[in-house]
Amino acid sequence: MMGASPVIVGAGPAGVRAAQALVAHGLRPVVIDEAPRWGGQIYRQPPPGFLRSKATLYGFEAKRADAVHATMNTLLGRVDYRPNTLVWNVEGDRLLLLSEGRTSSLKRGPLIVASGATDRVLPFPGWTLPGVYTLGAAQIALKYQGCAIGSRVVLAGTGPLLYLVAYQYAKAGAEVAAVLDSASFSDKLAAAPAMLHEPAVFAKGLYYLAWLKAHGVAVHQRAWPLRASGKRHVEALAWHDGHRHHTIDCDAIGFGHALRSETQLADLLGCSFSFDTLQRAHLPQCDAAGRTSVAGVYLAGDGAGIRGADAAEWAGERAALALLADNGVAVDTSREQQLERRLKRNLTFRRGLERAFPFPADWAAHASDDLVVCRCEEITAGELRQVVRDTGAIELNRLKALSRVGMGRCQGRICGAAAAEILAHATGQPIQLVGRLRGQAPIKPLPFTVVEAATEEIA
Ligand SMILES: Cc1cc2nc3c(=O)[nH]c(=O)nc-3n(C[C@H](O)[C@H](O)[C@H](O)COP(=O)(O)OP(=O)(O)OC[C@H]3O[C@@H](n4cnc5c(N)ncnc54)[C@H](O)[C@@H]3O)c2cc1C
């Protein structure tokens, strides 16, 4: 049997279902989440005292949200739940934690990393103006705080979140001035057969689109933001539809090109990575049960590749069963197989989604030299290209060392994908060959006083 208690990082759908399975087999896992309440991104709970109903907050997902919330609620006495706690580094067999401004460490037993995802950002001129948000941030403002990012909002990019956020904003009473989708309608038609593998999810997507159209929201396909402009705050967005340029007045923009997995923790734990063509990203390798290349480390949910909330629940449970079996606990093998079958079916659906909302592979070719790619260090596309010309850099970490791209507060979590695209285009290499930014601690910004204290403690 295992020594230290199993640890789960993340209390989203994957983490909650993993905890449930471990508790059902008599274990008391530590569940760590930097958020103040469980639920993860999709089922994010508002602060205590906010009284909007689950139906208002989560729409069609209200029942699932309720189920995940209720499950964790019943587990609270049987898990060591640590909210508001960030795992910011890994040192040997210890996780370094930050909670309420103080750092501590935890000896880890077997570990399930269910760290989820964030937006994948492809910058456009003016994206650093106040009033421009990612789609995820726009949704968090609405879901968590009940605020809209503006009163006349343009939403741009591509991916299912684009239509969902547009629907949620319009339903909440914001004026959605336009939805600009870089993908085409024919992309969506071609993807329909694969997406029918999850008919209920597919139907929801069609409903959002039909609802937006029926309520007069302008939805443009093959549409690209050209420049956000305004004196101190965004006032307008110029965009093109492949034929003509247009300008639309707005006081906020939400944009994003689907999601990217949060993989830094897996990286610091030493997991092997490989390039995933579907997600156009280097991802930690794991088998169908979530076992990684590092013994005792498992992955579940969007942190292992973007698969959506339902798949995250199945993957969380599946990883927990693998952890149990690897530690000599008898588990229900038919349940393991059932979960793997569901996850496999979901993968076909995900392939459809990627086809419906394809990554704009020509983005780097159109990125002007003055485009800010890394907002923390203010590095432009032109500066990155210059470094390539001057030094012959062909690998992303080399480009980082020579230009400072990805060296700021976000540690490349925001700019890494775009910098990789610029590098691949500038060097004429396929994207998989430019590599990935290596995870560095702290994986999210820490106060200097905390870093000092942690360094002393470790020394
Ligand atoms: C902003 C955003 C909004 C989304 N909205 C929707 C939506 O409305 N509908 C939909 O179908 N899908 C949505 N998605 C996708 C959906 O959230 C995911 O598919 C699903 O939540 C995945 O579940 P998960 O458990 O893998 O990860 P998540 O739900 O993302 O949960 C991961 C948890 O891990 C915690 N965490 C991560 N790293 C650390 C760390 N180092 N230390 C401590 N805690 C950590 C996070 O706080 C989070 O609570 C959204 C995704 C994002 C990023």
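A. Molecular detail of the pattern of salt bridges. Considering all chains together, one arrives at 22 salt bridges under this definition. Members of the salt-bridge network, linked through shared partners, are Arg17, Arg64, Asp310 and Glu313.

B. The arrangement of the state of the cysteines in detail. Under the definition given, this model contains zero disulfides. Here Cys271 is not disulfide-linked; the sulfur of Cys286 is the nearest cysteine sulfur, at 8.8 Å. You can see Cys415 has no disulfide; the closest cysteine sulfur is in Cys374, sitting 4.1 Å from it.

C. The arrangement of unusual backbone geometry in detail. The omega torsion of the bond from Ala441 to Pro442 falls at -5 degrees, within 30 degrees of zero and hence cis. Residue position: Pro442 is located in the loop between helix H14 (416-427) and helix H15 (448-458). A positive phi is found at Asn84, a non-glycine position, where the angle reads about 50 degrees. In this fold, Asn84 is placed in the loop between strand E3 (80-82) and strand E4 (85-91). The phi torsion at Arg404 lies on the positive side, around 75 degrees, for a residue other than glycine.

D. Inspection of the environment of Gly254 at higher detail. Tracing the backbone shows Gly254 in strand E16 (residues 252-257). According to the relative accessible area criterion, Gly254 is buried, its value standing at 0%. Setting aside residues no more than four positions away along its own chain, Gly254 makes contact with Tyr133, Thr134, Leu135, Ile149, Val154, Leu155 and Ala156.

E. Local environment of the sheet that holds strand E12 (residues 219-220). Spatially, E9-E16-E10-E11-E12 is the arrangement adopted by the five strands of the open sheet, whose pairing is parallel. Bordering the open sheet on either side are strand E9 (132-134) and E12, each of which pairs with just one other strand. Direction of pairing for E9 relative to E16: parallel, over a ladder of three bridges. By the bridge assignment, Val132 is partnered in E16 with Ile253. In this fold helix H5 (residues 160-172) packs onto strand E10 (152-158), strand E11 (175-181) and E12, with an angle of close to 170 degrees to the strand it touches most, E11.

F. Representation of the site of the ligand. Around the ligand, a shell composed of 32 residues is seen, among which Ala14, Asp33, Gln41, Gln139 and Asp302 lie nearest. Interatomic distance of 3.1 Å between a backbone N/O atom of Glu34 and a nitrogen atom of the ligand. A distance of 2.9 Å separates an oxygen atom of the ligand from a polar backbone atom of Gln41. Against a free-state accessible area of 970 Å², the protein chains account for coverage of 91% of the ligand. The set of elements that each furnish at least two residues to the shell around the ligand consists of helix H1 (13-24), E4, strand E8 (117-119), helix H4 (135-145), H5 and helix H9 (309-326). The element best represented in the shell around the ligand is H4, accounting for four residues.

G. Structural detail: H1. Over its twelve residues, H1 extends 17 Å from the first C-alpha to the last, a length consistent with the 16 Å expected when each residue adds 1.5 Å. Of all twelve residues in H1, ten are buried; the element is thus mostly enclosed. Considering only its buried residues, H1 is in contact with strand E1 (7-9), strand E2 (30-32), helix H3 (62-75), strand E7 (111-113) and H9. Positive phi shows up at Gly26, right after H1, with a value of about 90 degrees.

H. Representation of empty space enclosed by the protein in the model. Summed over all chains, the structure comprises two cavities of 30 Å³ or more. In terms of lining residues, the largest cavity is bounded by 32 residues, among which Arg260, Ala281, Gly416, Ala417 and Arg436 are the most central. Elements supplying a minimum of two residues to the lining of the largest cavity: strand E17 (259-261), helix H8 (264-268), strand E18 (273-276), strand E19 (281-284), helix H13 (396-403) and H14.

I. How the structure looks around the layout of surface pockets. Taken as a whole, the second largest pocket encloses approximately 560 Å³ of empty space. In this structure, the second largest pocket is lined by 27 residues; those nearest its centre are Cys286, Asp287, Ala304, Arg307 and Leu347. Broken down by element, the lining of the second largest pocket gets its largest block of residues, five residues, from helix H10 (residues 333-356). When its residues are assigned to classes, the lining of the second largest pocket shows 14 nonpolar, seven polar and six charged.

J. Region of interest: the packing of H1 against H9. Their axes nearest at 7 Å, the elements H1 and H9 cross at an angle of 35 degrees. For H1 against H9, the interelement crossing comes out right-handed. Contacts between H1 and H9 involve Pro13, Ala14, Arg17, Ala18, Ala21 and Leu22 from the former and Ala309, Ala312, Glu313, Gly316, Glu317, Ala320, Leu323 and Leu324 from the latter. Residue classes in the contact of H1 with H9 are distributed as ten nonpolar, one polar and three charged.

K. A look at the pairing of E11. Extensive coverage of E11 is indicated by the burial of six of its seven residues. Sheet analysis places E10 next to E11, joined by six bridges and oriented parallel. The partner of Val154 across the bridge, within E11, is Ala178. You can see the chain leave E10, run along H5 and come back into E11, and the turn it takes is right-handed. Here E11 pairs with E12 via two bridges, running parallel. In the sheet register, Val179 faces E12, and the bridge partner there is Val219.

L. Structural context of H13. Regarding H13, the residues found buried are Leu396, Asn397, Leu399, Lys400 and Ser403. Relative to the axis of H13, the buried residues are bounded by an arc of 155 degrees and lie together on one face. The secondary structure elements touched by the buried residues of H13 are strand E22 (379-380), helix H12 (381-391) and H14. One or two residues past the end of H13 sits Arg404, with phi positive at roughly 75 degrees.

Cut-offs and rules
Residues numbered from 1 in each chain as written. Predicted model: local features only at pLDDT ≥ 70, side-chain atom pairs only at ≥ 80, totals over all residues. Heavy atoms only, no water. Salt bridge = Lys/Arg side-chain N within 4 Å of Asp/Glu carboxyl O. Disulfide = S-S within 2.5 Å. Helix = DSSP H or I, 4+ residues; strand = E, 2+ residues; numbered from the N terminus. Buried < 20%, exposed > 50% of the residue type's maximum accessible area, 1.4 Å probe, protein only. Contact = heavy atoms within 4.5 Å. Pairing = 2+ DSSP bridges. Axes fitted to C-alpha atoms, helices over the stretch in contact; angles between N-to-C directions. Near = heavy atom within 4 Å. Polar contact = N/O pair within 3.5 Å; in protein donor to acceptor, adjacent residues only side chain to side chain. Areas by Shrake-Rupley, 256 points an atom, 1.4 Å probe, with all protein chains shown as cover. Expected span 1.5 Å × (residues − 1). 1 Å grid on protein atoms, 1.4 Å probe; cavity = no way out; pocket = protein on both sides within 12 Å on 5 of 7 lines; lining within 4 Å. Points joined across faces, edges and corners; volume = space filled by probe spheres on them. Nonpolar A, V, L, I, M, F, W, Y, C, P; charged D, E, K, R; others polar. Left-handed = near helix turned anticlockwise from the far one by under 90°. Right-handed = clockwise from strand over helix to strand, strands pointing away. Arc of directions from axis to C-beta.

Any functional reading would require information beyond the geometric quantities listed.
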